[in-house]
Amino acid sequence: MRIVLATLLVDLLVIWAMAGIPPTAAATGKLNRLAKAASPYLRQHADNPVDWYEWGEEAFAKARAENKPILLSVGYSSCHWCHVMRRESFSDPEIAKVLNEHFVAIKVDRERRPEVDETYMLATELITRSGGWPNNVFLTPDLKPFMAGTYFPPTQFKRLLEAIIQHWQTNEVRLRQDGERVAALINEIMAARAAAGEITPAVLEGVREELQKSFDVFYGGFGTAPKFPQEPSLLFLLALAERHNDQEALRMATATLDGILDGGIQDHAGGGFHRYATDNRWIVPHFEKMLYNQALIAQALVRAWRLTGNERYARAALRAYDFVLRDMTAPEGGFYSAFDADSEEEEGKFYVWTPAELREVLGSEEAEFAIKAFGVSEEGNFEGANILHMPQPLADLADSMGMSVSVFLDRLEPIRAKLREARAKREWPFRDDKILAGWNGLMIASLAEAGLSLNEPRLVAAAEKAATFLWERMGDGAGALRRSYFEGRAELEATQTDHAYAARGLIALYDATGEGAWLERAEKIVETIDKRFLDAEAGDYYSTGDASGFTRPKSRSDGATPSGNAVMLEALAKLARRSGEPAHGERATRLLAALSVLALKFAGAHMS
């Protein structure tokens, strides 16, 4: 549903049509209050001339006392367009002056404050019918959203600010009414309840058929560019194949994984995966790397290997795990959040190659093999350089070079290692070193399952070390967790999703090790979820222990990661089977009833 904000929106349509020319960012030499934030993303804005606040009562009280609208700007450390807007607009003294005089400016790291991100991204989607980051939302002093957008060029952004100032001064009542309407609709969506429905095999087959409608028969995946792996959909299809012998589901899942592995969205030198591709063939990625992508794609690869025996999937999963253990693991065992897309202020510079660079690193014979295997050319496929990818399907490529797939993959392994070693001498993309409870739960589950399936004890050991860190350094020993760990401090109450991911990870560790302590800890976390987040009337769970802003959100739909309620359902079902405790089964039944109608009505958003 689109919200039409009559007075302001008409004026802004003209502004949005105008192109802006970026001014030169001016360095002030003065740090703002974000310099002390426990967030690498917020610290990236510490030298802005904008008088930024963190999300919290200090900022809210200022807005109320001075009756100023709020600019809420949400992003994350590896977001390319967040960096662009930081350089172009938030470093501009003129724009900063306008913001400081007429607004209260709040910066939010969406990875630390997912409940804020979820609520106000829904506002942006309702207002604009689109979303993305940075997410810039304008709020009344009581936190109700009345205008929103994503990236704005600087001239456009300045005109937008001026229009909002004018309307706030001349028609504040109307903007507050707009904010109330948007907030009311968000509250209605968050509180939606319905009677239970039955999820039958026919329903699951219908979901698969819906996925088929958007399936790319040429390159795998769903929909058109920009193309995301959509891991919850992949894992759903693989579950259908495993439990119901659905061969069409398996074909779609493996075709998608093949396309990803052929494309540049896979880091062929360093292992692991970029967040999404900007083209239909998966060749040109948006180069950021997120921990959750590594966990979920590797998990899908392991399950595909179990179903097919295709060694390519196991090899790619192991390369992804090796990347995480090598480059994204803290000494204490927890896993870091992300790598930026940019280095030296250029997107993808760390990852691309020229033929001359390959020859210098590999020598002539290996270089010529790599040039053919990875589709490298003099003209390149990305700003004069080359994103490594496989220019043909793997079997065809190996055959064209006169060898079997297994021999071809063996031949590539030392080449990958040499390229990775040479690339390590370049200037690295920024790494976000905060450790997030939920994403660590995803990786713990992925590593534990893979270690058991692939007979790789080192992966189980890494999962155990991370789980010990999570329990001891981010938990209270009784099942409650903190969300974020950075520079030796655990902060912020973890969300329901964080707790659910962690519980499922510990259950996976129990399955891999047989150690009862992990199951006991998982049960404590589940009990915490019940005590802190349960909506007793509806039967499902809130995302937060208390209201965030003007609402108390729920995670009931899959996004890039599975919904918190869906993972809680899985955790309860697994606990019921493993512990023999009837209460777990009873809670799972009630939660399934609460989620079933939404899953039936909006199946594409409830794959988990």
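The structure displayed is predicted, hence computed values, not measured ones.

*Asks:* Looking at this structure, I do not really get the pattern of salt bridges. What am I missing?
*Replies:* Scanning the entire structure with this criterion turns up 53 salt bridges. A salt bridge links E311 to R315; the nearest nitrogen and oxygen atoms lie 3.0 Å apart. In this pair, E311 and R315 both sit in helix α12 (residues 311–327), 4 residues apart, roughly one turn of the helix. On the basis of relative accessibility, which here comes to 19%, the residue R315 falls in the buried class. Ionic pairing is found between D540 and K554, a salt bridge with its closest N-O pair at 2.7 Å. Here the residue D540 occupies a position in the loop between α20 (516–533) and α21 (564–579), and K554 occupies one in the loop between α20 and α21, the gap between them amounting to 14 residues. Taken together, the shared-partner salt bridges connect D109, E111, D432 and K434 into one network.

*Asks:* Please explain the packing of helix α18 (residues 457–473) against α20 as it appears in this structure.
*Replies:* For any two helices packed against each other, the geometry comes down to the angle between their axes and how far apart the axes lie. The interhelical angle for the contact between α18 and α20, taken along N-to-C directions, is 40°, at an axis separation of 12 Å. The orientation of α18 with respect to α20, classified from their angle, is oblique. The crossing of α18 and α20 is left-handed. When α18 is examined against α20, the residues E464, A467, T468 and W471 are found in contact with a partner set consisting of W518, R521, K524 and I525.

*Asks:* It is not clear to me how the packing of helix α9 (residues 231–244) against helix α11 (residues 291–308) should be interpreted in this structure. Could you clarify?
*Replies:* In the contact formed by α9 and α11, the axes pass within 10 Å of each other and the chain directions differ by 20°. Overall, the two elements α9 and α11 adopt an arrangement that is roughly parallel. Crossing hand, α9 versus α11: left-handed. For the pair α9 and α11, the contacting residues are E231, L235, L238, A241 and E242 in the first and N293, L296, I297, Q299, A300, R303, A304, R306 and L307 in the second. A breakdown of the residues in the contact of α9 with α11 according to their chemical character gives 8 nonpolar, 2 polar and 4 charged.

*Asks:* What's the story with helix α3 (residues 57–66) in this structure? I'm lost.
*Replies:* Residues separated by three or four positions in an α-helix point in the same direction, a consequence of the helix having 3.6 residues per turn. Those residues of α3 that fall on the buried side of the exposure criterion are A59, F60 and A63. In an axial view of α3, the angular spread of the buried residues amounts to 100°, which keeps them on one side of the axis. Pointing more than 90 degrees away from the buried face of α3 are the exposed residues E58 and A65. In this fold, the buried residues of α3 make contact with β1 (53–54), β2 (70–75) and β3 (104–109). Of the residues trailing α3, N67 is marked for its positive phi of about 50°.

*Asks:* Just to check I follow, could you spell out helix α13 (residues 355–362) for this structure?
*Replies:* The set of residues buried in α13 consists of P355, L358 and L362. Across the axial projection of α13, the buried residues extend over an arc of 60°, all falling on one side. Of the residues in α13, the exposed ones pointing more than 90 degrees away from the buried face are A356 and E360. Looking at the buried positions of α13, the neighbouring elements they touch are α14 (364–373) and α16 (405–423).

*Asks:* Sorry, what's going on with the nonpolar core here?
*Replies:* The nonpolar side chains of soluble globular proteins are, as a tendency, buried together. The biggest cluster of nonpolar side chains holds 138 residues, and the ones touching the most others in it are L99, F138, F157, L301, Y321 and L509. It is α11 that contributes the most residues to this core, 10 residues altogether. Ranked by size, the runner-up nonpolar core spans 27 residues in total, among them I70, L122, L185 and F550.

Parameters and conventions
- Residues numbered from 1 in each chain as written.
- Predicted model: local features only at pLDDT ≥ 70, side-chain atom pairs only at ≥ 80, totals over all residues.
- Heavy atoms only, no water.
- Salt bridge = Lys/Arg side-chain N within 4 Å of Asp/Glu carboxyl O.
- Helix = DSSP H or I, 4+ residues; strand = E, 2+ residues; numbered from the N terminus.
- Buried < 20%, exposed > 50% of the residue type's maximum accessible area, 1.4 Å probe, protein only.
- Axes fitted to C-alpha atoms, helices over the stretch in contact; angles between N-to-C directions.
- Parallel < 35°, antiparallel > 145°, perpendicular 65-115°, else oblique.
- Left-handed = near helix turned anticlockwise from the far one by under 90°.
- Contact = heavy atoms within 4.5 Å.
- Nonpolar A, V, L, I, M, F, W, Y, C, P; charged D, E, K, R; others polar.
- Arc of directions from axis to C-beta.
- Core = buried A, V, L, I, M, F, W, Y, C linked by side-chain atoms within 4.5 Å.

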